[in-house]
Amino acid sequence: MSADTARRNVRLLSWIGLACGLLGGVLVAFPTVIGPASPWTQLALGVATLVLTFRARKIGIAEVPDYDGRLSLAGAILGFLVIFFAGQAAFGILVAVAN
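Residues numbered from 1 in each chain as written. Predicted model: local features only at pLDDT ≥ 70, side-chain atom pairs only at ≥ 80, totals over all residues. Heavy atoms only, no water.

Trainee: Run through the environment of alanine 74, naming residues and quoting values.
Mentor: Tracing the backbone through its elements, the reader meets alanine 74 in helix 3 (residues 70-98). Given the relative accessible area of 38%, alanine 74 is considered partly exposed. C-alpha of alanine 74 to C-alpha of asparagine 99: the two residues are 25 residues apart in sequence and 38 Å apart in space. (Helix = DSSP H or I, 4+ residues; strand = E, 2+ residues; numbered from the N terminus. Buried < 20%, exposed > 50% of the residue type's maximum accessible area, 1.4 Å probe, protein only.)

What follows is the structure in structure tokens.
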């Protein structure tokens, strides 16, 4: 893969991952927007954020000279936060169903 193509892919994956993380963060802040499916949607968005941003980091480190991974790192941190808070809500729902 050429450096220009790799740079474009890294930028695209990073921004899409960051958008997924921000959408997941909005759902964490307002969990009643989509009802009882909210924690599961948040978990899916958090996982998508992590997959996309770590894929961007992998391509960036391997293919792009002078790669600066701050954007994908910020997306990965956001993905971990979304998964953490969504996991708490999902666990609460599972405990409530079990009792």
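Trainee: Go over a nonpolar patch on the surface with me, naming the residues and quoting the values.
Mentor: Together, Leu73, Ile77, Leu81, Phe84 and Phe85 give the surface a local cluster of nonpolar side chains, amounting to about 470 Å² of exposed area. The topology assignment puts leucine 81 in helix 3. (Patch = residues over 30% accessible without salt bridge, like charges linked within 9 Å, V, L, I, M, F, W, Y side chains within 5 Å. Areas by Shrake-Rupley, 256 points an atom, 1.4 Å probe, with all protein chains shown as cover. Salt bridge = Lys/Arg side-chain N within 4 Å of Asp/Glu carboxyl O.)

Trainee: Talk me through the packing of helix 2 (residues 38-63) against helix 3; I want residue IDs and the actual numbers.
Mentor: Between helix 2 and helix 3, the shortest axis-to-axis distance is 8 Å and the interhelical angle comes to 155°. The angle between helix 2 and helix 3 places the two elements in the roughly antiparallel class. As helix 2 runs across helix 3, the sense of the crossing is left-handed. Considered class by class, the residues forming the contact of helix 2 with helix 3 number 17 nonpolar, eight polar and one charged. (Axes fitted to C-alpha atoms, helices over the stretch in contact; angles between N-to-C directions. Parallel < 35°, antiparallel > 145°, perpendicular 65-115°, else oblique. Left-handed = near helix turned anticlockwise from the far one by under 90°. Nonpolar A, V, L, I, M, F, W, Y, C, P; charged D, E, K, R; others polar.)

Trainee: Account for the pattern of salt bridges, naming residues and giving values.
Mentor: Two side chains of opposite charge can pair, provided their charged atoms sit close to one another. Using the criterion set out here, one finds two salt bridges in the structure. The salt bridge involving aspartate 4 is made with arginine 7; its shortest N-O contact spans 3.6 Å. With aspartate 4 and arginine 7 both in helix 1 (residues 3-29), this residue pair falls three residues apart, about one helical turn. Residue classification places arginine 7 among the partly exposed positions, given a relative accessible area of 32%. A salt bridge links arginine 70 to aspartate 68, with the nearest nitrogen and oxygen atoms 2.7 Å apart. In this structure aspartate 68 comes out as partly exposed when scored by relative accessible area, which is 48%.

Trainee: Summarise the environment of asparagine 99; cite the residues concerned and give the values.
Mentor: Locating asparagine 99 in the fold gives a position in the segment after helix 3. In this structure asparagine 99 comes out as exposed when scored by relative accessible area, which is 79%. Sequence separation between asparagine 99 and alanine 56 is 43 residues, and the spatial gap between their C-alpha atoms is 42 Å.

Trainee: Could you give an account of the packing of aromatic side chains, naming the residues involved and the relevant values?
Mentor: For the coordinates displayed, the defined rule picks out two aromatic pairs. Arranged with centres 5.1 Å apart and planes meeting at 75°, the rings of phenylalanine 84 and phenylalanine 85 form a pair that is edge-to-face. Note on phenylalanine 85: relative accessible area 40%, which makes it partly exposed. (Phe/Tyr/Trp six-rings, centres within 6.5 Å; stacked < 30°, edge-to-face > 60°.)

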